[in-house]
Amino acid sequence: AKKAPLLADTPSTVAKHSELGSLRVHLTLSLYSLEPTTIGGIMAFRSSCYSFLTTSSTINIAVRTMLLAVATSFFFTALDMHLPVPAAVEELTVVGLLLLLELSFNSRRQTSTKKQSCGVERKIKEEDIVSGLLGRLQVAAKAGDTDAAEAAMEKILASGSKPTLVCYGALISAFAKAGHVKRAEHWLEALEASNVGSPNGICLNMLISACAKSNAVDRAEYWLAKMPSLGLSPDVMSYNAVIDACARTGDVTRAENWLDKMKTAGTNPNVVSYSSVLHACARSCDASLAEQWLTRMEKEGAEPNAICYNSVINAWCKEGNMRKAAAWLDQMSERGVQPTVNSYSTIIDKLAKAGDIDAAENWLARMAEAGVEADAVSYNMLFSACSKTGDCARASKLFDHMLKRKVVPNTICFNLLINTHSRQGDVSGVLCRLRQMREQGIQADRVSFNTSLKAFSRCADPKAADQMLEEMHAAGMKPDVATYNAFIAVCMRAKDAKKAEGWLCRMAKAGVKADAVSYCTMIDAFAQSGELHRAEQWLEKMEGSGLQVSSGTYGLLVNAVAKMGDISRVERIFKRMEQAAVEVTGSTYNALISACARKGDVDRAEFWLKRMRASSTQADVASYSSVIHACAKASDLTRAEAWIEQMEQDGVQANVVTFNSAINACARCGDVERAEHWFKKMVKQGVQPGVLTFNSLINACAKALHLDRAEKWLRDMPNHGLQPDDVTYSTVIHACGAAQEPQRADNWLKAMLSALYSKGDKPSSFCYNSVAQAWVRGGDVDRAIYWLSEAESLGVEVSLASLNSVVSALTRARRHEAEIWSAKVNRSSAARNQRTEKPRFRAPRPERG
């Protein structure tokens, strides 16, 4: 049943509807006739339809529009069956739908186009970055900046890009040139793993050469053997690099084997190949073999050049055969090969190192006669020889000759000259050379000034230190702490502690931090000058600076104070050491104990030795000997022997000083038996006695008036390899005089004079005075006058006691000589008073203005 039409139908409308209806039917039948057989076919058909509908070509747009119009018409035809729609509404609806659909497709196309353009831009940007890294890598590789080149390669790999064969080659070559064999090998292995391609022969040859320069012969041989597997054939440069590696290590056999392998492989050796083998012979000091290879080289058609001949000359020089070296140099000229600087310098260097500077100078002159200009290296060889001997005059003469020949000196020349002056302590010469360097425009380096400072090790001229600082500033060199310490030491040797203190202040202003050496030098300077208060102040400054004060630093002050005998101050320093938790060394303890011993303070010496034994510091023979010496000075034999026993219990072996102190203690107490006991024990323990030992032993006998024993020990001295000295004879002579035996004393004085005159020694006045007084007491004043006259003729001073004893004897005998000797007494008294009289202070005269 048909519904009534909403609008009246006209003939045209009816005709149009009938046409559209028939078209809809035909399209519907056509669409239903498409029956896909598989799911894949359906999906492919769907994809192709979608692509067709969304493509922007003119044909596709026209077909798409027609299909949409047909579909819309079909929709309205179906709708008209149930609800009639006016034709105008249908047309308007079709146009609207077509417009909306086209707008939708256009927006989708624009989004797709934007995405595609963004992807292209990103890709272009990434390609630009990679291209920039490639350029940066190649520039860095050419400049030898391996770090920058490797960083660029790492960034390329991190970006996901694949480096080219050129990149790998540039990086490998850069590392090979720089001598970084391991890094070059790493990137060569990375190239193999990347499958980009194989390296070329130049790249491999550079790597093999780098291995040769680093003496890695095994690696050079490895890469040469690997070349065929990389599709490369070793050429003459490849073999030469391996032979050079063998030559650098002096392995002649290995070099010869590779030369034979080279020939077997069909590669003809060139001059470089043979010169490398010759170089190996020279390094191994096999000059005869070098000669054989030079002859073989000529037979095989390779013409030797100057380098080949120089290797043979060098080989003979190393063997020390200068005659053969000179013969080959002559033969070189005869064969038409012009000798080079190295030809002569090899001989000059050998002679200079052997100390034959005269012969070296002759070869330098011969070199000039041959028309070969010497260079700075040739002269440096001679300067080095002069530097070792400290021959400043010869070095200066050579330098003048060098300038006359218009050879430009370099920094090494001046450094060697400076070292020559420094070895002699010639500060003025050092400063002169530094000025010459500056005037000739040659830059002084740190070596120049460090070498110059050696001259200041014995210098005591503070003005020279100021001049040295000026030269350093002129050269743009900033002094370091070692330089300032050297200047402070100069002032210390000049005993100018104030000037040394001034250098430390200048050091602080220059921003150079003082080190332990600086403070120690200052402490030592004030300690040596006796200004112990200032020395302690600098010790406090060092403690406050944060530097660790060592036991040696405290020891400097302890030793100085101990020598002055200020024991209380030494003990205060010990307390500071304990507060600073600084371990007291044995030498520091010994300095304090020795100071107590010199003062004769036995109790204090024993206290510090006991404290030393209670600490972790091991007491040595010097520690015990000092205490025993203190006991000897106090004539306390019991305590001295007790400490010797304690010393033995502690496992410390007594030495000659220990036994001398013990025997001296016995001598002071007049105990001959104990003195002889300790002497015998000393000999039994294998300790060699000295002259002082016998003098103490003889003194013990003399004090006990045991003349026979004293004379026996004096005669026994030669049996121990010793000769009596002036003190030995004096002790026996004095003992004879005290025993009222002037003739015995007279005999020993004659024996003494005979022994001393044979050695060129002069007797002391004590012997003459002792004999003279003994004769006066014995009643023979004439014999006394004889010996005193002998003393005066020898210029030996006669004591007032001897003169007075003679005057008294002559006066008692009422002899006229008494007046003569009385005059001598007056003259002697006046001379003594004049020597002992203190000089009066005179105010300085005012200067004239």
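## Re the overall build of the protein chain
- When you go through the protein chain residue by residue, the secondary structure sums to 43 helices and zero strands.
- For the protein chain, with 849 residues in total, the buried portion stands at 43%.
- Expressed as a percentage of contacts within the protein chain between residues at least 6 apart in sequence, the contacts between residues at least 24 apart total 61%.
- With an accessible surface of roughly 44900 Å², the protein chain has 55% of that area assigned to carbon and sulfur atoms.

## Some thoughts on the confidence of the model for the protein chain
- With 85% of its residues at a pLDDT of 70 or more, the protein chain has an overall mean of 82.
- Confidence drops under pLDDT 50 across residues 1-40; counting only partners more than four residues distant or on other chains, this segment forms 22 contacts.
- Within the model, pLDDT remains below 50 along residues 120-126, and this stretch shows zero contacts once partners closer than five positions in the same chain are excluded.

## A few points about the environment of Glu185
- When you line up the elements, Glu185 lands in helix H7 (residues 181-194).
- A residue is classified by how much of its surface remains accessible, and Glu185, at 9% relative accessible area, is buried.
- Separated by 34 residues in the primary sequence, Glu185 and Arg219 place their C-alpha atoms 9.6 Å from one another.

## Observations regarding a positive patch on the surface
- Together, Lys563, Arg598, Lys633, Arg668 and Lys703 make up a positively charged patch on the protein surface.
- Take Lys703: it is sitting in helix H36 (residues 691-703).
- According to the relative accessible area criterion, Lys703 is partly exposed, its value standing at 48%.

## A word on the packing of helix H10 (residues 236-248) against helix H12 (residues 271-283)
- Put simply, H10 and H12 touch, their axes get as near as 8 Å, and they point 5° apart. When the axes of H10 and H12 are compared, the pair comes out roughly parallel. In this structure, H10 contributes Val236, Asn240, Ile243, Asp244, Ala247 and Arg248 to the contact, and H12 contributes Val272, Ser273, Ser276, Val277, His279, Ala280 and Arg283.
- Taken together, the residues that form the contact of H10 with H12 break down as six nonpolar, four polar and three charged.

## Side note on the pattern of salt bridges
- A full pass over the atoms with the stated rule returns 44 salt bridges.
- The closest approach of N and O atoms between Arg613 and Asp650, which form a salt bridge, is 3.0 Å. Taken together, the residues span a long stretch of sequence, with Arg613 in helix H31 (residues 602-614) and Asp650 in the loop between helix H33 (637-649) and helix H34 (656-669) at a distance of 37 residues.
- Of the charged contacts, one joins Glu648 and Lys681 as a salt bridge, the two residues approaching to 3.0 Å between their closest N and O atoms.

## A look at helix H22 (residues 446-455)
- For H22, the complete set of buried residues consists of Ser448, Phe449, Thr451, Ser452, Leu453 and Ala455.
- Those residues of H22 that are buried lie in contact with helix H20 (411-423), helix H21 (427-439), helix H23 (462-474) and helix H24 (481-493).
- At the N-terminal end of H22, a side-chain oxygen is found 3.3 Å from the backbone nitrogen of Val447, two or three residues along, and the residue is Asp445.

## A look at the environment of Lys142
- Structurally, the position occupied by Lys142 is in helix H4 (residues 87-143).
- C-alpha of Lys142 to C-alpha of Leu171: the two residues are 29 residues apart in sequence and 9.1 Å apart in space.

## Re helix H16 (residues 341-353)
- In this model, H16 (13 residues) spans 18 Å end to end at C-alpha, consistent with the 18 Å of a helix rising 1.5 Å per residue.
- Residues Val341, Ser343, Tyr344, Ser345, Thr346, Ile347, Ile348, Leu351 and Ala352 constitute the buried set of H16.
- Packed against the buried residues of H16 are helix H14 (306-319), helix H15 (322-334), helix H17 (357-369) and helix H18 (376-389).
- Just past H16, the residue Gly355 takes up positive phi, approximately 85°.

## Digging into the packing of aromatic side chains
- Applying the stated criterion across every chain, the model contains 23 aromatic pairs.
- On the basis of an interplanar angle of 75° and a centroid distance of 5.0 Å, the ring pair of Tyr222 and Trp223 is categorised as edge-to-face.
- Here Tyr222 falls in the partly exposed class, since its relative accessible area comes to 34%.
- Both rings, one in Tyr344 and one in Trp363, keep their centres 6.2 Å apart while their planes meet at 55°; by these two values the pair is tilted. Remark: Trp363 occurs in helix H17 and Tyr344 occurs in helix H16; sequence separation between them is 19 residues.
- Exposure remark for Tyr344: the relative accessible area of 4% places this residue in the buried category.
- Joined through ring pairs, the aromatic side chains of Tyr379, Phe383, Phe399 and Phe414 make up one cluster.

## Section: the nonpolar core
- Counting 245 residues, the largest nonpolar core has Ile348, Phe383, Phe456, Ile733, Leu749 and Val806 as its most contacted members.
- Excluding anything up to four places from it in sequence, Ile733 contacts Ala745, Trp748, Leu749, Met752, Cys767, Ser770 and Val771.

## Describing unusual backbone geometry
- Backbone geometry places Asn195, a non-glycine residue, at a positive phi of 60°.
- Taking relative accessible area as the criterion, Asn195 reaches 67% and is therefore assigned exposed.
- Even without being a glycine, Gln740 presents a positive backbone phi close to 60°.
- With respect to the helices, strands and loops of the structure, Gln740 is situated in the loop between helix H38 (726-738) and helix H39 (742-759).

## Focus: the side chain of Glu501
- Checked against the element boundaries, Glu501 lands in helix H25 (residues 497-509).
- On the basis of relative accessible area, Glu501 is assigned to the buried category, the value being 13%.
- When sequence neighbours within four positions are dropped, the list of residues in contact with Glu501 reads Met522, Phe526, Arg534 and Trp538.

## A short note on the environment of Pro304
- Topologically, Pro304 is positioned in the loop between helix H13 (287-299) and H14.
- Residue contacts for Pro304: discarding those within four places in its chain leaves Leu294, Met297, Glu298, Tyr309 and Val337.

## A few points about the packing of H17 against H18
- With their axes 11 Å apart at the nearest point, H17 and H18 run at an angle of 165° to one another. Here H17 lies roughly antiparallel to H18, going by the angle between them. The crossing of H17 and H18 is left-handed. Two secondary-structure elements touch here, H17 through Ile357, Ala360, Glu361, Leu364 and Met367 and H18 through Ser378, Tyr379, Leu382, Ala385, Cys386 and Thr389.
- Of the residues belonging to the contact of H17 with H18, the class tally is eight nonpolar, two polar and one charged.

About the criteria used
Residues numbered from 1 in each chain as written. Predicted model: local features only at pLDDT ≥ 70, side-chain atom pairs only at ≥ 80, totals over all residues. Heavy atoms only, no water. Helix = DSSP H or I, 4+ residues; strand = E, 2+ residues; numbered from the N terminus. Buried < 20%, exposed > 50% of the residue type's maximum accessible area, 1.4 Å probe, protein only. Contact = heavy atoms within 4.5 Å. Areas by Shrake-Rupley, 256 points an atom, 1.4 Å probe, with all protein chains shown as cover. pLDDT = per-residue confidence, 0-100. Patch = residues over 30% accessible without salt bridge, like charges linked within 9 Å, V, L, I, M, F, W, Y side chains within 5 Å. Salt bridge = Lys/Arg side-chain N within 4 Å of Asp/Glu carboxyl O. Lys, Arg positive; Asp, Glu negative; His and termini not counted. Charge placed at Lys NZ, Arg CZ, Asp CG, Glu CD. Axes fitted to C-alpha atoms, helices over the stretch in contact; angles between N-to-C directions. Parallel < 35°, antiparallel > 145°, perpendicular 65-115°, else oblique. Nonpolar A, V, L, I, M, F, W, Y, C, P; charged D, E, K, R; others polar. Polar contact = N/O pair within 3.5 Å; in protein donor to acceptor, adjacent residues only side chain to side chain. Expected span 1.5 Å × (residues − 1). Phe/Tyr/Trp six-rings, centres within 6.5 Å; stacked < 30°, edge-to-face > 60°. Core = buried A, V, L, I, M, F, W, Y, C linked by side-chain atoms within 4.5 Å. Left-handed = near helix turned anticlockwise from the far one by under 90°.

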